[in-house]
Amino acid sequence: MTEATRQPAMLEARGITLKFGGVTALADISVNIGQQELVALIGPNGAGKSSLLNVLSGFYRPSQGSVRFDGLDIGHLPVHRVAQTGLVRTFQGTHLLPNMSVLDNILVGRYMHMKSTLTTAFFYYPFAHREEIAQRAIAEEILGFLELEHLRHQKVGTLGYGMRKRVDLGRALAMEPRMLLLDEPMAGMNGEEKEDLARFILDIRESRQIPVVLVEHDMGVVMDIADRVVVLNFGRKIADASPVAVQQDEHVISAYLGGKA
Ligand SMILES: Nc1ncnc2c1ncn2[C@@H]1O[C@H](COP(=O)(O)OP(=O)(O)OP(=O)(O)O)[C@@H](O)[C@H]1O
């Protein structure tokens, strides 16, 4: 057991089974994520990584099992309520608004934190105005943190893929996560972009003191930044250990070489 796994868990998934018709995508998976842990979720294609992230973030209801986030059973909450608890995820690809600026896309993430509605904005304009200034200041801080200030007014659709993924991370940060679930945040990036994003992920964990779960295919990145690696194969958890231990695990080696360990 590592130091991190001895901490009280921020997220606890117990006995998760997920079926799609006749396909068992996840079979009896239990996993804990400790406070401030950076956990990588790896496995061959079709192993169940995205499915598990979808269950952990409340997007999929498991056929069996439970997920508790900071002591709260999130299994029956609607997705938007899960996000309001601070469990925030990003998706493969990006879900940004291409015709809006970088700043506005980040402000979209702030929306759920804005106290004023359209009605209050109409009747109490000074309050709503002050609120908007406050939200913009927070968005600007995120732009600064992710070194995106120079692109604040640029339309997202004109950016390269690596930068769009960075904006996507900014939008997730704008939602004030208490835990971040990132689905292949580095897919399609070049080496330099990956290094930058890995640095930002480590900085987020350090400065916000939150746990991060990362689905990632690049083993170099995983081994460099993860505290712990959870390995799935054919919907089962086959390893859950430090990066060094996982690299030497015969079940993991066999899974990546195509065996059914
Ligand atoms: N919506 C769905 N309907 C039916 N089957 C699905 C669905 N989503 C996933 N599956 C199946 O569940 C299994 C796990 O898929 P999942 O996408 O979670 O794997 P993954 O490890 O994320 O794969 P990849 O690395 O290719 O993204 C696969 O057999 C897949 O075909």
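Residues numbered from 1 in each chain as written. Predicted model: local features only at pLDDT ≥ 70, side-chain atom pairs only at ≥ 80, totals over all residues. Heavy atoms only, no water.

(A) Spatial organisation of the site of the ligand. By nearness alone, 15 residues border the ligand, and Gly46, Gly48, Lys49, Ser50 and Ser51 come closest of all. Within the side chain of Ser51, an N or O atom sits 2.6 Å from an oxygen atom of the ligand. Protein burial of the ligand: of its 630 Å² of free accessible surface, 61% is covered by the chains. Of all the secondary structure elements, the ones that give two or more residues to the shell around the ligand are strand S2 (23-34) and helix H2 (49-56). If you tally residues by element for the shell around the ligand, the top one is H2, at three residues. Considering only residue class, the shell around the ligand consists of six nonpolar, seven polar and two charged. (Near = heavy atom within 4 Å. Polar contact = N/O pair within 3.5 Å; in protein donor to acceptor, adjacent residues only side chain to side chain. Areas by Shrake-Rupley, 256 points an atom, 1.4 Å probe, with all protein chains shown as cover. Helix = DSSP H or I, 4+ residues; strand = E, 2+ residues; numbered from the N terminus. Nonpolar A, V, L, I, M, F, W, Y, C, P; charged D, E, K, R; others polar.)

(B) Broad picture of the pairing of strand S6 (residues 87-90). Here S6 shows two buried faces, one formed by Leu87 and Arg89 and the other by Val88 and Thr90. As paired strands, S6 and strand S7 (residues 179-183) are joined by four bridges and run parallel to one another. The residue bridging Val88 from the neighbouring strand is Leu180, located in S7. (Buried < 20%, exposed > 50% of the residue type's maximum accessible area, 1.4 Å probe, protein only. Pairing = 2+ DSSP bridges.)

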